[in-house]
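# Summary of the model geometry
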Amino acid sequence: RGRCPARSRSAAGDNAVNALWSPETAILLAMVIPTLVAIGIELTGRQPNLRETVTLAGSVLLLIVVASLTPLVIDGARPAFTLAEFVPGVAIAFEVEPLGMLFSLVAAGLWPIASLYSIGYMRGNHEHAQTRFYICFALAIAATMGIAFSANLLTLFIFYEVLTLSTYPLVTHNEDDEARMGGRTYLGILLATSIGLLLPGILWVYATTGTLDFQPGGILEGHIDGALVGLMLFLFMFGIGKAALMPIHRWLPAAMVAPTPVSALLHAVAVVKAGVFTVIKVISYTFGTEFLASQASADWLVYIAGFTVVAASVVALRQDHLKRRLAYSTVSQLSYVIMAAALFTPIAIVGAAMHLAAHAVSKITLFFAAGSIHTAAHKDYISEMDGIGRRMPWTMGAFTIGAFSLIGIPPAIGVVSKWYILQGTFAVDQAFPAAVMLLSTLLNAAYFLPIIYVAFFRKPEGHSHGEAPIAIVIAITLTALATVTLFFFPDPAIALARAVAGL
């Protein structure tokens, strides 16, 4: 009898813990933690070591919180809660479904590594306004979590705009004329497309269906038909400016004036990933792939995306500045995701979701390498990088892994996502997307392999130098390792991607 009260107290304690740590709490914490980190950074700004400890600790805590949701979502649970409802069908609400889970894992997993890299880069280059940089970075991650867990178009739009505004100070970080011009292009295009095209599209959806909720299979079937479907799809695809479909891609190379950690944030962790995430989400959960496949007026998207894949790759070939070559590579790789989603088949949706993750770890590795070279060797142009791989083997070894991944060479995760996309082209029996895949892979090789060649097989020139600061080397090694690890252990990512497609 004496043990019963103890068991009762234990059960009560477990219930209290369960009530405190629920999936709904985890969703809220995913947005609150980065926000609190931003406040902590402001309060500790005059103590760099403490400020960066707050950044690293907060990023690791966010990863733990986000990872705690993963088993539930893989098992079929869809944690959700509504923060506020204004009128029926219009609310600020959150739900963790497989695509959002995958996106949030990518962003939360890369934030600690990007933070470590940023410490090495910002200190190594004696950058000014470092406190502001870390604050805006944290706020961008908070917005990214809001996008990932949005349960409807209104919530997604709000956080989408917050992400644009929070990254603007990062793009203009250098505060010179070039940075201000790049920032104006960045802000102008992203706000013009979202307010001028995306918002009208969202209002049209509500007027047509009476709801903005994301639902598997979409919500538009039976409410709209014919040419109007193609027009609405146009508003969304070009309104989602962060996905960088041509000709609204210019903001992305313009933003390369920012420090390299910002480029990594834009290209791998948050901004462009928010764009292609939104594309997949809208196609899968607003329009519905089966509905779009039945509409001839939606066929144009695969051709625009395919054109962007090839055209951006051709432009990348002509860039001598390393970051600009990587920027146009990103424009091309993003349209792999859009083209796959535009095939409107389940297996292609798996490829689109997988490439979102594959591109993230691969491209952040490449940008980390560019920043490492800038920090250690003060070189930004490919024509200056003869023999640099001999002096910076860790950096260029990681660069090689990232490049192989985006070309589609194993053992790197890019070959897995490309294979799923290729299967999607076979499923629809279309020659155009298959030809795009083949041609773009050759172009990927054409603009990446010469960099690897000059780095390792030409004689070094200029004064001797070594690797970048250790924090940079550790970060770039971790992302390269992740690129290879995901090739050998892709099952969790594939499980989430297949769940998005309903497989």
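Structure: above.
Now for a look at the structure at hand. (Residues numbered from 1 in each chain as written. Predicted model: local features only at pLDDT ≥ 70, side-chain atom pairs only at ≥ 80, totals over all residues. Heavy atoms only, no water.)

The helix and strand inventory of the protein chain stands at 21 helices and 2 strands. The C-alpha atoms of the protein chain give 22 Å as radius of gyration, which agrees with the globular expectation for 503 residues (23 Å, within 12%). Expressed along its principal axes, the backbone C-alpha trace of the protein chain runs to roughly 70 × 70 × 45 Å. When each of the 503 residues of the protein chain is scored for burial, the buried share is 60%. Entry remark: accessible area of the protein chain is about 18500 Å², with carbon and sulfur atoms responsible for 66%. (Helix = DSSP H or I, 4+ residues; strand = E, 2+ residues; numbered from the N terminus. Rg over C-alpha atoms; globule rule 2.2 N^0.38 Å. Buried < 20%, exposed > 50% of the residue type's maximum accessible area, 1.4 Å probe, protein only. Areas by Shrake-Rupley, 256 points an atom, 1.4 Å probe, with all protein chains shown as cover.)

Every buried residue belonging to helix 21 (residues 491-500) is among Ala493, Ile494, Leu496, Ala497 and Val500, and all of these are buried. The buried residues of helix 21 occupy one face: seen down the axis, they fall within an arc of 160°. Contacts from the buried residues of helix 21 go to helix 3 (48-74), helix 4 (98-124), helix 11 (271-287), helix 15 (346-377) and helix 18 (414-428). Just downstream of helix 21, glycine 502 is the residue with a positive phi angle, here 75°. (Arc of directions from axis to C-beta. Contact = heavy atoms within 4.5 Å.)

With that settled, the discussion passes to the packing of aromatic side chains. Applying the stated criterion to the full structure yields 17 aromatic pairs. Centre to centre, the rings of tyrosine 117 and phenylalanine 368 are 3.9 Å apart; their planes meet at 10°, and the pair counts as stacked. Placement of tyrosine 117 in helix 4 and of phenylalanine 368 in helix 15 is noted, with a sequence separation of 251 residues between them. Its relative accessible area of 0% is what places tyrosine 117 among the buried residues. Aromatic pair phenylalanine 487 and phenylalanine 488: ring centres 5.0 Å apart, planes at 85°, arrangement edge-to-face. Counting every residue linked through ring pairs, the aromatic cluster contains Phe81, Phe94 and Phe159. (Phe/Tyr/Trp six-rings, centres within 6.5 Å; stacked < 30°, edge-to-face > 60°.)

Relative to each other, helix 7 (residues 177-209) and helix 8 (residues 227-239) sit at 140°, their axes nearing to 7 Å. Judged by the inter-axis angle, helix 7 sits oblique to helix 8. Read as a crossing pair, helix 7 and helix 8 show a hand that is left-handed. Along the contact surface, helix 7 presents Thr193, Ser194, Leu197, Leu198, Gly201, Ile202, Trp204, Val205 and Thr208, while helix 8 presents Leu228, Leu231, Met232, Leu235, Phe236, Phe238 and Gly239. (Axes fitted to C-alpha atoms, helices over the stretch in contact; angles between N-to-C directions. Parallel < 35°, antiparallel > 145°, perpendicular 65-115°, else oblique. Left-handed = near helix turned anticlockwise from the far one by under 90°.)

A few words on unusual backbone geometry. Where the residue is not glycine, phi is negative for most of them; where a peptide bond is considered, it is trans in most cases. Of note, the amide linkage connecting methionine 246 to proline 247 takes the cis form, showing an omega dihedral of 10°. Proline 411 follows proline 410 through a cis peptide bond whose omega is 5°. Mapped onto the elements, proline 411 comes out in the loop between helix 17 (393-407) and helix 18. Residue alanine 129 is not a glycine yet carries a positive backbone phi of 50°. Checked against the element boundaries, alanine 129 lands in the loop between helix 4 and helix 5 (130-148). Residue glutamate 175 is not a glycine yet carries a positive backbone phi of 60°. Within the secondary structure, glutamate 175 is located in the loop between helix 6 (153-171) and helix 7.

Here we come to the side chain of serine 335. Note on placement: serine 335 falls in helix 14 (residues 322-341). With relative accessibility at 0%, the residue serine 335 sits in the buried group. Here serine 335 is in contact with Leu245, Ala305, Thr308 and Val309, once residues within four sequence places are set aside.

The next subject is the pattern of salt bridges. Tallied over the entire structure, the rule returns 6 salt bridges. Glutamate 52 is the salt-bridge partner of arginine 51, the closest N and O atoms lying 2.8 Å from each other. (Salt bridge = Lys/Arg side-chain N within 4 Å of Asp/Glu carboxyl O.)

Looking now at the environment of valine 90. Here valine 90 is to be found in strand 2 (residues 90-95). For valine 90, a relative accessible area of 14% translates into the label buried. Considering only alpha carbons, one finds valine 90 and threonine 155, 65 residues apart in sequence, at a separation of 9.1 Å. Among all residues touching valine 90, those that are not within four sequence positions of it are Glu85, Leu154, Tyr206 and Leu212.

Turning next to a nonpolar patch on the surface. Residues Leu28, Val32, Leu36, Ile39 and Leu43 make up a contiguous nonpolar surface patch of roughly 470 Å² in combined accessible area. Judged by relative accessible area, isoleucine 39 falls into the partly exposed class, the value being 46%. (Patch = residues over 30% accessible without salt bridge, like charges linked within 9 Å, V, L, I, M, F, W, Y side chains within 5 Å.)

The interhelical angle for the contact between helix 4 and helix 20 (residues 470-488), taken along N-to-C directions, is 150°, at an axis separation of 7 Å. Classified by the interaxial angle, the pair formed by helix 4 and helix 20 is roughly antiparallel. Crossing of helix 4 against helix 20: the hand is left-handed. Residues Leu110, Ile113, Leu116, Tyr117, Gly120 and Tyr121 of helix 4 form the contact with helix 20, whose own contacting residues are Ala471, Ile472, Ile474, Ala475, Leu478 and Thr479. Among the residues forming the contact of helix 4 with helix 20, the class breakdown is 10 nonpolar, 2 polar and no charged. (Nonpolar A, V, L, I, M, F, W, Y, C, P; charged D, E, K, R; others polar.)

In short, the description is geometric, and any link to function would need to be established separately.
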